[in-house]
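Here is how the chains run, residue by residue.
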Amino acid sequence: MHSGIIYGVDIAKGSSRAQAIPKYAVAILKEGQVQRHSMVSRNRILKMVQEDKPDYIAVDNIFELAPDKDELIRFLDKLPDPTRFIQVTGGLHQQPLLRLAQEHGISMNQFSPGDEAEACARLAAMGVGCEVSLFEDVTRIKVSRARSLGRGGWSQNRYRRKVHGAVKEKSRLIEQILRKFSKDTGVTFTSKSIEGFGGYVRTEFIVNSSREKIPVHSSVNADVQVSIRSVERDKIKYIPLVSSKRKYTIVGIDPGTTVGIAILSLDGELLFSNSFRGMSHDQVVKLISDHGKPVIVATDVYPTPAAVEKIRRSFKAVLGTPGTELRAEEKIAMARPFGYSNDHERDSLAAAINIYRNYKNIFSRVEKRAPRFADLELIKYHVINGDSIEEAIEKVTAVPVPTRYEAASAPGEKIDADEQTKRLQELVRQKNGLIHELKEYVQELKESNSGKDWRIAEMEGRISKLKKAESLELRKQKEIHIRDTEISRLKKELKKSQQALQDSRQHIKKLKHIRKKEIKGEGLPVKVVTAFTKEAIQQTMDMYGIKKGDVLLLEDSSGGAAGTAAILVEAGIRAVIVKDDISHAASEAFFQGNVPLLKDVEVQRFDDFATVEPRVLEQALSAWDEEAKKKRREQELQHLTSLLEEYRSERRRGLA
């Protein structure tokens, strides 16, 4: 039970999103006593909080105090450093305030804002709810000029130097304080200064600590102002006042070299599913413990593997087994809705889901028969461990559960007249208190109304100046960013162009070298094809062109078919030089197309180009011509011989 000052707040009139100013009921809990206030404005609450500096401000819905996150941040920014903002109904998933009050023995009229405010305060004192955190544990300290430098004059430079010098001096003083703070606590910080004429225009420190721990405070003097703000979170974070208990879980295990692990809640929600290779027993136990307390450890095979039994004993859990080994089709059907990456994850999911389905009807009966505010998970835990539903409910709630044949209590019991009279008297007392609070509120409004318009105009003027300065700075930073991005892009393009130019110069240099050799008669150009494929031939055509009379060098002559050779034949090339053997079909296609196929010809390579001495090429071509003539004569002789044999065969058939 918390013993400090706690403010409970509940909206009494209007809405934070309406144009009319809303009013609130406030209950101040101090040393067990409650002091109530009705129809209090939000500004009045802030004044009271500044005076009392309570430990908690407790509400049932944070957006009753502000219409949105930005307005809520401005409200929290005005609270004293030790004051924490509590939403007693929980975080993202809230519970009704009336239910929480009943669970913790707090009587409350849900139609009375004063009662709800008091319930919020008392629940926060019991540690119920979550702290609303809108700021990171990071603080931004900004040191800047306290006033505009104006349009200038004879003494403008001297005045500017004085102000900028004061900003620099203040920045150095704060830096010394932060260095000592960092040395004492280990907290790190960074700083960034923008230099101006005679000193600094502004300095910004980013300190990795919450604002209340930093020994620097906001201040304003004639020349320099220091503003300190916590860095805002992207999303609202809810931190439980009391850490929640571990959930009971159903764990499916697929043991082996690669271990599959699936973890379900007792509501059938998938909490974890993954597989790990080479994971030790201790690592598996640690991972499962991080996600809750296993009440069932399940497997998809029968009999139970020793590794699963060992894990079950580690948690003293109930063993879940299908009785017979599950078929692959059943596993796929069960695991598909949850998704899985491999068979190990599928099998562990199927094991957990199968056991959950076996207990699902029992869990439904527990939910129907258990009292409204009982701990359902704990009741299910006792049922899984062998208790009947009635015994489990009695263990958890300490209330005997009536059997089905017991008669219900008689309806329509009359309310005692004295009790009703007491309630009416209490209602009258509350109404009188409300009237008194309203009278005080009206008097307060009358007193504060006189200077309100002047203060609004003054604040609007300051806001306008600040917005203008921030707008100019943002435009400047945006323009700098755009220019930096464009410079970076142009540098990349320049680098690419320089590289392309260098490649082109190297290419031209090679071509000139080959051309010189060609003019001197020292070598004829040879175009290189890296492989005997249609793609490689097309690549050479695209880069250098293949025309009639060219000599080609096939670096890799393996593969290739008659169709590939036909492409070169149709191009009208003069000859093809190869290093290795070539397929018979391709060789025959070159022969039929009268394209010399030369082997063992000495070629000089220059990267993507090559040359061959004219004398060597002519000798190779002459040798190929002799071989080609000899081959054609042999083919003609074979053809005539076959004709003669055919004629003789026909004559023999005719004579017969």
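About the criteria used
- Residues numbered from 1 in each chain as written.
- Predicted model: local features only at pLDDT ≥ 70, side-chain atom pairs only at ≥ 80, totals over all residues.
- Heavy atoms only, no water.
- Helix = DSSP H or I, 4+ residues; strand = E, 2+ residues; numbered from the N terminus.
- Buried < 20%, exposed > 50% of the residue type's maximum accessible area, 1.4 Å probe, protein only.
- Contact = heavy atoms within 4.5 Å.
- Areas by Shrake-Rupley, 256 points an atom, 1.4 Å probe, with all protein chains shown as cover.
- Arc of directions from axis to C-beta.
- Salt bridge = Lys/Arg side-chain N within 4 Å of Asp/Glu carboxyl O.
- Patch = residues over 30% accessible without salt bridge, like charges linked within 9 Å, V, L, I, M, F, W, Y side chains within 5 Å.
- Lys, Arg positive; Asp, Glu negative; His and termini not counted.
- Charge placed at Lys NZ, Arg CZ, Asp CG, Glu CD.
- pLDDT = per-residue confidence, 0-100.

Looking at the overall build of the protein
Phase 1 of the analysis: If you tally the helices and strands in the protein, you get 17 helices and 21 strands.
Phase 2 of the analysis: Within the protein, buried positions represent 35% of all 656 residues.
Phase 3 of the analysis: Of the contacts formed within the protein by residues at least 6 apart in sequence, a portion of 62% connects residues at least 24 apart.
Phase 4 of the analysis: Put simply, the protein shows about 41,000 Å² of open surface, and 51% of that area lies on carbon and sulfur atoms.

Here we look at helix H6 (residues 281-290)
Phase 1 of the analysis: Of all the positions in H6, only Val284, Val285, Leu287 and Ile288 are classed as buried. Along the axis of H6, the buried positions cluster into a sector of 165°, meaning they face one direction only. Away from the buried face of H6 by more than 90 degrees, exposed residues Asp282, Lys286 and Asp290 are located.
Phase 2 of the analysis: The inward-facing, buried residues of H6 abut strand S11 (248-254), strand S12 (258-265), strand S13 (270-277), strand S14 (293-298) and helix H7 (306-315).
Phase 3 of the analysis: Gly292, located one to two residues past H6, shows a positive phi value of around 140°.

Notes on the pattern of salt bridges
Phase 1 of the analysis: Following the criterion strictly, the structure yields 37 salt bridges and no others.
Phase 2 of the analysis: Across the pair Glu613 and Arg615 runs a salt bridge, and its minimum N-O distance is 3.5 Å.
Phase 3 of the analysis: For Glu613, a relative accessible area of 39% puts it in the partly exposed group.
Phase 4 of the analysis: Judged by its relative accessible area of 52%, Arg615 is exposed.
Phase 5 of the analysis: What emerges from the salt-bridge pattern is a single network uniting Asp300, Lys331, Asp343, Arg346 and Asp347.

Structural notes on a negative patch on the surface
Phase 1 of the analysis: There is a patch of like negative charges on the surface, built from Asp625, Glu626, Glu627 and Glu634.
Phase 2 of the analysis: Tracing the backbone through its elements, the reader meets Glu626 in helix H17 (residues 614-655).
Phase 3 of the analysis: On the basis of relative accessible area, Glu626 is assigned to the exposed category, the value being 53%.

A closer look at the confidence of the model for the protein
Phase 1 of the analysis: This prediction gives the protein a mean pLDDT of 83; 88% of its residues lie at or above 70.
Phase 2 of the analysis: Confidence over residues 403-415 falls short of pLDDT 50; this stretch has one contact with residues more than four positions distant or in other chains.

With respect to unusual backbone geometry
Phase 1 of the analysis: Across the junction of Tyr302 and Pro303, the peptide omega takes the value 0°, indicating a cis bond.
Phase 2 of the analysis: Along the chain, the position of Pro303 falls in the loop between S14 and H7.
Phase 3 of the analysis: For Met39, which is not glycine, the phi torsion reads 50° and is therefore positive.
Phase 4 of the analysis: Assignment of secondary structure puts Met39 in strand S3 (residues 33-40).

Here's the deal with the environment of Ser191
Phase 1 of the analysis: On the secondary structure map, Ser191 appears in strand S7 (residues 189-196).
Phase 2 of the analysis: Residue contacts for Ser191: discarding those within four places in its chain leaves Glu204 and Phe205.

Notes on helix H8 (residues 328-335)
Residues separated by three or four positions in an α-helix point in the same direction, a consequence of the helix having 3.6 residues per turn.
Phase 1 of the analysis: Lys331, Met334 and Ala335 are the residues of H8 that are buried. Projection of H8 onto a plane perpendicular to its axis shows the buried side chains occupying an angular sector of 85°, all on one side.
Phase 2 of the analysis: Next to the buried residues of H8 lie helix H9 (343-369).

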